[in-house]
Amino acid sequence: MPRHELRQFAQLALHIARRQVPPYGSKFSPKKFTQPSLLACLCLKEYLKLDYRGLEALLSSAAELREALALRDVPDHSMLHWFARHKVTPTLLQRLLERSTHLFHRPRRGRHVVAVDATGFSRRSASRYYVAQLTHWRHTYLQWATVVWTHPQVICAQQAYVGPDSGYRFLRPLVAQAQAERPIQRLLADAAYDSEAHHRWLREDCGIESIIPATKGRPGRPTQLPYRRRMQRWFPRRKYGQRWMVETVYSVVKRKFGEALTARGYWQQIKQAFLRGVTYNLYRAVQLSCAWWRLTLHRALMAFAT
């Protein structure tokens, strides 16, 4: 990857970390490393798919990267592991995700179109054949449910839990978390979230246009519930086509950061899934800014040539 993109990612990670955590956790701290710098190092670890020792080796050989992270020395791998285990909490990572959404501009109309879906992370980095032989690990994985803004393809809310699970019960907390950040105009979801109660709550209480295909019930027999009957008869397929943006986000996350979690404990896996959501938003911010600079440079060159 280009060196300037890696440096920009580290600077963005340090910027949002400084807004959420104090420099030191205690007045008795040796003040050798700051908490924002260590938190930015964890984001860099997920971004490059490294372990703690690999991250330590990278920082020891990259002075420019240490400067971007505001590090005067190289943190030991055991210190990074201790910080991730004892100082990083799911609540802190949720606040970081909210802060990372501020890196993106609002749409012209001021309201977002969002897509809701869930995917799974393997809870072991072992081979699929080895996991298939273990009965207590064969059918379990970590479910990761997200709300994605379809226009910039950015994650604005997330939840993690042990699957398999449809995620039906997590729709309201996810929407409430996303709605608290910025207003939502339209919500797109697949049939796993189909419910008259969900339509009624979204449209009447939240003022959100809900588009969820009504596939549950007896085939060939229309339902008598008003919102689900509307979905069966006049389903807006053109608007629903934007839901596939969330699948694009999942594809990027698994290709760039891996489809398996390296953490062992349950809460450590939850935090690693949340950290990948933050890392993806930072990665997306870097990609959009670099694309904007390339477009600006191209226009300037074309103007100079003419």
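These numbers come from a predicted model, not from an experiment. (Residues numbered from 1 in each chain as written. Predicted model: local features only at pLDDT ≥ 70, side-chain atom pairs only at ≥ 80, totals over all residues. Heavy atoms only, no water.)

With respect to the environment of G277
Among the structural elements, G277 can be located in helix 14 (residues 266-305). Since its relative accessible area comes to 0%, G277 is described here as buried. Residues G277 and V253, 24 residues apart in the sequence, show an inter-C-alpha distance of 8.2 Å. In contact with G277, other than residues within four places in its own chain, are L97, W144, I155 and Q158. (Helix = DSSP H or I, 4+ residues; strand = E, 2+ residues; numbered from the N terminus. Buried < 20%, exposed > 50% of the residue type's maximum accessible area, 1.4 Å probe, protein only. Contact = heavy atoms within 4.5 Å.)

Notes on the nonpolar core
Core analysis: the largest hydrophobic core is formed by 88 residues, its most contacted members being L39, L44 and L69. Counting residues per element, this core draws most heavily on helix 14, which supplies ten residues. Not counting residues within four places of it along the chain, the set of residues in contact with L44 comprises L6, F9, L55, L58, L59, L65 and L69. (Core = buried A, V, L, I, M, F, W, Y, C linked by side-chain atoms within 4.5 Å.)

Description of the environment of L69
Checked against the element boundaries, L69 lands in the loop between helix 4 (63-68) and helix 5 (77-86). Considering only alpha carbons, one finds L69 and T34, 35 residues apart in sequence, at a separation of 9.9 Å. Setting aside residues no more than four positions away along its own chain, L69 makes contact with A10, L14, S37, A40, C41, L44 and L59.

Concerning the confidence of the model for the chain
When pLDDT is averaged across the chain, the result is 86; 85% of the residues are at 70 or more. Mean pLDDT across the elements of the chain bottoms out in helix 8 (residues 135-138) (55) and peaks in helix 2 (residues 35-48) (95). (pLDDT = per-residue confidence, 0-100.)

Let's talk about the pattern of salt bridges
On inspection of all chains with the given rule, the structure shows eleven salt bridges. Residues R186 and E209 are paired through a salt bridge, measuring 3.1 Å at the closest nitrogen-oxygen approach. A residue pair is termed long-range when its members are at least 10 positions apart, and R186 in strand 4 (residues 184-189) and E209 in strand 5 (residues 209-211) qualify at 23 residues. By relative accessible area, R186 is classed as buried at 12%. Judged by its relative accessible area of 25%, E209 is partly exposed. (Salt bridge = Lys/Arg side-chain N within 4 Å of Asp/Glu carboxyl O.)

A word on the pairing of strand 4
Most of strand 4 is tucked away, with five of its six residues classed as buried. Where strand 1 (residues 112-121) and strand 4 come together, five bridges link them in parallel fashion. Bridge pairing links V114 to L187 in strand 4. Where strand 4 lies against strand 5, three bridges are found, and the strand directions are parallel. (Pairing = 2+ DSSP bridges.)

Digging into the pairing of strand 1
In terms of burial, strand 1 is largely enclosed, as nine of its ten residues are buried. Pairing of strand 1 with strand 2 (residues 141-149), which is carried by eight bridges, proceeds in the antiparallel orientation. Bridge assignment links A115 to a residue of strand 2, and that residue is V148.

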